[in-house]
Amino acid sequence: MPEDGRRLAEVSPVRVRVDAGLSFESGQVSAKFVERLRRALSLENPQVRVRARLRLARTDDALMCFLEEREGRVRLPRGAVHVLRREADRAGLKLTFDDARVLPRERLELPTVPLRAYQSRAVDSLATVTQGTVVLPCGGGKTRIALGAITRLKTPALVLVHTHDLAEQWRNEVLERLGVTAGLVGAGEISDGPITVALIQALVQWPNAELESFLSKFGLLILDEAHHVAASTFHAVVDLCPARYRLGLTATPEREDGLTPLLELFLGRPLLVVTHDELVAAGVLTVPLIRSEEHTSEL
């Protein structure tokens, strides 16, 4: 017997809208089910440990919850679909999904980007499951995977970065590999295009209505240095973007503050994880040989 009443499941499936996030009418489920979701989507606030270490007063927000109830609807991050499915199975509830994600009609015609076998696997996986992260050490070709995804999916793409240097590196790569001048949002400039690189710090300054209108132009969202999605400024922007595809790139997914699960909640499960040793064994990376030489001197 399901933990929640079976009658709810027998009446009709829970209709879940998929856009920038996941949402459904609270009246379709029991309060008990919502509470279980709330617990599953709650993490310890890292400020609790920080304040305890500094012997400061405890914060009132001991937990960070990533479930929101507003105007009769329950909303959760899009990457939490696995949590939602798991809890629905436990409760004996069936789910149906109304796909309202954005995939612009505009199709990009771009040159093919050569990829290694493991890079192609990551792109193939993204095309199938539509969201996820790529975990690769520096030099493993994370940017190449992203460019391969752009050319494979042929949809307008937005690349989110957190420094101007990274923005310029991306624009140079796009121009060199794809022959396209990418738009730029940030550093006093606003110019968008089929491929746009944007600084998070610039976007969070925009009014919500303007930001949502801008984000709705893209079918692919790419987040560089994806471990930063745990920061509220980052996941606030990601959580407003209804692009059909989401791709996170990182070499260091583990966070010392305990917020590592936020990568999956906002960007989806890993599409590819390759270690430094595996890339060395495959000949992609080399380990430097260090030699020490003894010098003698005559006095």
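Refer to the structure above for everything that follows.
All of the points below concern the structure found in this document. These numbers were taken from a predicted model, which means no experiment stands behind them. (Residues numbered from 1 in each chain as written. Predicted model: local features only at pLDDT ≥ 70, side-chain atom pairs only at ≥ 80, totals over all residues. Heavy atoms only, no water.)

## Some remarks on the overall build of the protein chain
Filter applied, for reference: Every helix listed is a DSSP run of H or I at least four residues long, and every strand listed is a run of E at least two residues long, numbered separately from the N terminus. Remark: exposure states derive from per-residue accessible area (1.4 Å probe, protein chains only) relative to the maximum for the residue type, with buried under 20%, exposed over 50%, and partly exposed in between. Residue contacts follow a heavy-atom distance rule, with two residues in contact if any of their heavy atoms lie within 4.5 Å.
Each helix and strand in the protein chain was counted, giving twelve helices and 15 strands. Buried positions account for 46% of the 299 residues belonging to the protein chain. The long-range share in the protein chain, meaning contacts at least 24 apart out of those at least 6 apart in sequence, stands at 74%.

## Let's talk about the pairing of strand S12 (residues 195-199)
The test is simple: Any two strands with at least two DSSP-identified bridges between them are counted as paired.
Within S12, five of the five residues are buried, which leaves it mostly tucked inside the rest of the structure. Taking every second residue as pointing to the same face, both faces of S12 are buried, with Ile195, Val197 and Leu199 on one and Thr196 and Ala198 on the other. The pairing of strand S9 (residues 157-161) with S12 spans five bridges and is classified as parallel. Residue pairing across strands places Leu158 opposite Thr196, the latter belonging to S12.

## Re the sheet that holds strand S6 (residues 73-77)
Condition: All axes here are fitted lines through C-alpha atoms, helices being fitted over the stretch that makes contact, and every angle between N-to-C directions spans 0 to 180 degrees.
One open sheet holds the five strands; their spatial order is S5-S6-S2-S1-S7, and the pairing between them is mixed. Two strands in the sheet have a free side with no partner beyond their single neighbour: strand S5 (68-70) and strand S7 (95-99). Shown here is a sheet whose adjacent strand axes are inclined to one another by a mean of 25°, direction ignored. Pairing of strand S1 (residues 14-18) with S7 involves five bridges; the strand directions are parallel. Bridging from a neighbouring strand, Arg15 pairs with Thr96 of S7. Sitting on the sheet, helix H4 (residues 81-91) is in contact with S1, strand S2 (21-25), S6 and S7, with an inclination near 155° to S7.

## Focus: the environment of Glu254
Along the polypeptide, Glu254 turns up in the loop between strand S14 (245-250) and helix H11 (261-267). Classification of Glu254 by relative accessible area gives exposed; the value is 64%. Spatially, the C-alpha atom of Glu254 lies 7.5 Å from that of His227, the residues being 27 residues apart in sequence.

## Brief notes about the packing of helix H6 (residues 142-153) against helix H7 (residues 164-178)
Think of two packed helices as two axes; the pair is described by the angle between the axes and how far apart they sit. Stated formally: In these notes the angle categories are as follows: under 35 degrees is roughly parallel, over 145 is roughly antiparallel, 65 to 115 is roughly perpendicular, and the rest is oblique. For any helix crossing, the convention is left-handed if the near helix is rotated counterclockwise from the far helix by under a right angle, and right-handed if that rotation is clockwise. Each residue is assigned to one class: nonpolar for Ala, Val, Leu, Ile, Met, Phe, Trp, Tyr, Cys and Pro, charged for Asp, Glu, Lys and Arg, and polar for all the others, Gly among them.
Between H6 and H7, whose axes approach to 11 Å, the crossing angle comes to 55°. Comparing their axes, H7 and H6 come out oblique. In this structure, H6 meets H7 at a crossing whose hand is right-handed. When H6 is examined against H7, the residues Thr143, Arg144, Ala146, Leu147, Ile150 and Thr151 are found in contact with a partner set consisting of Trp170, Glu173, Val174, Arg177 and Leu178. Across the contact of H6 with H7, the residue classes tally to six nonpolar, two polar and three charged.

## What about the side chain of Thr151?
Note the following rule: Identification of polar contacts relies on pairs of N or O atoms within 3.5 Å, with a donor-acceptor requirement for protein atoms, meaning one able to donate a hydrogen and the other able to accept it, and with residues adjacent in sequence counted only if both atoms are side-chain atoms.
Looking at the element boundaries, Thr151 is found in helix H6. Within the structure, the side chain of Thr151 is placed 2.9 Å from the backbone oxygen of Gly148, a separation counted as a polar contact.

## Considering the packing of helix H2 (residues 31-40) against H4
Put simply, H2 and H4 touch, their axes get as near as 10 Å, and they point 140° apart. Judged by the angle between their axes, H2 and H4 are oblique. You can see that H2 and H4 cross each other, and the crossing is right-handed. Taken together, the residues of H4 that come into contact with H2 (itself represented by Phe33, Arg36, Leu37 and Ala40) are Val83, Leu84, Arg86, Glu87, Ala88 and Ala91. Across the contact of H2 with H4, the residue classes break down as seven nonpolar, no polar and three charged.

## A short note on the nonpolar core
We count it as follows: Joining through side-chain atoms within 4.5 Å is the link that ties buried Ala, Val, Leu, Ile, Met, Phe, Trp, Tyr and Cys residues into a set, and such a set is a nonpolar core.
With 91 residues, the main nonpolar core has Phe24, Ile150, Leu160, Leu220 and Leu247 as its most contacted residues. Leaving out residues up to four positions away in the same chain, Phe24 has contacts with Val14, Arg15, Val16, Val29, Phe33, Leu37, Gly72, Arg73, Val74, Leu76 and Leu84.

## Digging into the sheet that holds S12
In space, the eight strands of this open sheet follow the order S11-S10-S12-S9-S13-S14-S8-S15, with mixed pairing throughout. Looking at which strands have only one partner, the edges of the open sheet turn out to be strand S11 (189-191) and strand S15 (270-273). Averaged over all adjacent pairs, the angle separating strand axes in this sheet is 20°, with direction ignored. As judged from the three bridges shared by strand S8 (residues 131-135) and S15, these two strands associate in the parallel manner. The residue of S15 that forms the bridge with Thr133 is Pro270. Along the sheet face, H6 touches S8, S9, S12, strand S13 (220-223), S14 and S15 and points at about 170° away from the line of S14.

## Side note on the pairing of S8
Of all five residues in S8, five are buried; the element is thus mostly enclosed. Because side chains alternate across S8, one face comprises the buried residues Gln131, Thr133 and Val135, and the other comprises Gly132 and Val134, equally buried. As paired strands, S8 and S14 are joined by five bridges and run parallel to one another. Looking at S14, one finds that Val134 is bridged to Leu249.

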